[in-house]
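# Observations on the three-dimensional arrangement
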Amino acid sequence: MVERISKNVARINLVGKHIQLALLSDLHWDNPKCDRNLLKKHLDYCLENDIKVMLNGDTFCLMQGKFDPRRSKKDIRPEHNKANYLDAVIEDAVEWFSPYASILTVVGYGNHETGIIKNVETDPLQRFVDLLNYKCKSNVITGGYGGWIVLTIRETEKSTRKTSIKIKYFHGSGGGGIVTKGALNLTRMLEMAEGFDVFCMGHIHENSSRNDVREELMTKAGNFDIKLKQIHLAITGTYKEEYSDGYMGWHVERGAPPKPIGGRILNIYVNRERTNNEDKITKIIDSSKFPL
């Protein structure tokens, strides 16, 4: 189902004319402020509807170790308040995510995971993926802080004709901007990378999408043809609700607003028509928030 093509490129093989892929980020699963009830509801929805899931960084918070000046007694779950804090979080996470191992595909790094590598010299995300795969006999792949996913789509199980959708993902950087809400981050990626059909990012705890169109000059059998390429760009929200009633706390005191909770579902529609002995493939790509 999912395979590593190179260090930073993964491929997911899918079947159907309507393909869905859940894009989640910034779960901060081990933080007491993580809305686990909503997260479970969304993952259950994916499981029931056979929707594969990609996690784009900051799956974990991991800020309560002795090394971390941000640590706070109120921000650690009782079951993780142990001498082997990091082990407790990872082992507990493997148990919690085990029912969803079959739909998890690529799990990328966020700044919280790379911070642990830098300060503690251990890789919590790789440990989580390795232990989950060992326990569940699954095939979850660790991605990068940024990377590529190629969706290879066949209309039916027996079909030999394939369509590819290229996804560029990046966990994110910067603060997003209280007014622009990440719009500039999307435009920056349009300047940095080429060839993607979809770009998704998290980090700034917003939840939105937009569609851009680019003109392309295509060549085939010595002929030139102008095509309009549809590009979908998405920002995925968080599952950590930090604002609450706006009374107190780091999020409130730095002037940050309430943030949208939840991820997005990527919807891809593929239609193939054959005229004059030539295949014409139409692809519509969009994303939406999870249904209620």
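Everything below is about the structure shown above.
Notes on the structure in this doc start here. In this text, all values refer to a predicted model and were calculated from it rather than measured experimentally.

## Regarding the overall build of the protein chain
- A count of helices and strands for the protein chain gives 6 helices and 13 strands.
- Taken over the C-alpha trace, the protein chain has a radius of gyration of 20 Å; the compact-globule value for 292 residues is 19 Å, and the two agree within 12%.
- For the protein chain, the C-alpha atoms occupy an extent of roughly 70 × 45 × 35 Å along the three principal directions.
- By the burial criterion, 48% of the 292 residues in the protein chain qualify as buried.
- Residue pairs at least 24 apart in sequence account for 70% of intrachain contacts in the protein chain once pairs closer than 6 positions are excluded.
- Carbon and sulfur atoms make up 51% of the accessible area of the protein chain, which totals about 15300 Å².
- Measuring between centres, the 42 positive side-chain charges of the protein chain sit 2 Å from its 37 negative side-chain charges.

## Structural notes on the pattern of salt bridges
- Tallying each qualifying case throughout the model produces 14 salt bridges.
- Its salt-bridge partner being lysine 135, residue glutamate 95 comes within 2.7 Å of it at the nearest N-O pair. One end of the pair, glutamate 95, is in helix H2 (residues 85–97); the other, lysine 135, is in helix H4 (residues 124–136), and 40 residues separate them in sequence.
- Among the residues examined, lysine 135 registers a relative accessible area of 39% and is labelled partly exposed.
- Between aspartate 225 and lysine 227 there is a salt bridge, with the nearest N and O atoms lying 3.2 Å from each other.
- On the basis of relative accessible area, aspartate 225 is assigned to the partly exposed category, the value being 38%.

## Overview of the packing of aromatic side chains
- If you walk through the whole model with that rule in mind, you get 11 aromatic pairs.
- Ring geometry for tryptophan 96 versus tyrosine 100: centroids 6.0 Å apart, planes at 50°, classification tilted.
- For tyrosine 100, a relative accessible area of 3% corresponds to the buried category.
- Taken together through their ring pairs, the aromatic side chains of Trp29, Phe60, Trp96, Phe97, Tyr100 and Phe128 make up a single cluster.
- Positioned above the aromatic ring of tryptophan 29, the side-chain terminus of arginine 36 is 3.8 Å from the ring centre.

## A short note on the environment of arginine 127
- Counting through the fold element by element, arginine 127 comes out in helix H4.
- Linking arginine 127 and isoleucine 90, residues 37 residues apart in sequence, is a C-alpha distance of 7.4 Å.
- Apart from the residues within four sequence positions on either side, arginine 127 is in contact with Asp87, Ile90 and Thr122.

## So, unusual backbone geometry
- Even without glycine at this site, aspartate 26 takes up a positive phi of about 55°.
- Tracing the sequence through the fold places aspartate 26 in the loop between strand E3 (18–24) and helix H1 (36–48).
- The exposure class assigned to aspartate 26 is buried, which follows from its relative accessible area of 0%.

## Brief notes about the state of the cysteines
- This model, assessed by the stated rule, comprises 0 disulfides.
- Unpaired in terms of disulfides, cysteine 46 finds its nearest cysteine sulfur in cysteine 200, a separation of 14 Å.
- As a non-bridged cysteine, cysteine 136 has cysteine 46 as the owner of its nearest cysteine sulfur, 17 Å distant.

## Describing H2
- The end-to-end C-alpha distance of H2, which contains 13 residues, comes to 18 Å, matching closely the 18 Å that a straight helix rising 1.5 Å per residue would cover.
- Residues of H2 that are buried: Tyr85, Leu86, Ala88, Val89, Ile90, Ala93, Val94, Trp96 and Phe97.
- Contacts made by the buried residues of H2 are with H1, strand E5 (104–108), helix H3 (111–120) and H4.

Scoring rules and cut-offs
Residues numbered from 1 in each chain as written. Predicted model: local features only at pLDDT ≥ 70, side-chain atom pairs only at ≥ 80, totals over all residues. Heavy atoms only, no water. Helix = DSSP H or I, 4+ residues; strand = E, 2+ residues; numbered from the N terminus. Rg over C-alpha atoms; globule rule 2.2 N^0.38 Å. Buried < 20%, exposed > 50% of the residue type's maximum accessible area, 1.4 Å probe, protein only. Contact = heavy atoms within 4.5 Å. Areas by Shrake-Rupley, 256 points an atom, 1.4 Å probe, with all protein chains shown as cover. Lys, Arg positive; Asp, Glu negative; His and termini not counted. Charge placed at Lys NZ, Arg CZ, Asp CG, Glu CD. Salt bridge = Lys/Arg side-chain N within 4 Å of Asp/Glu carboxyl O. Phe/Tyr/Trp six-rings, centres within 6.5 Å; stacked < 30°, edge-to-face > 60°. Lys NZ or Arg CZ within 6 Å of the ring centre and 35° of its normal. Disulfide = S-S within 2.5 Å. Expected span 1.5 Å × (residues − 1).

Limitation: the analysis is restricted to geometry and does not speak to function.
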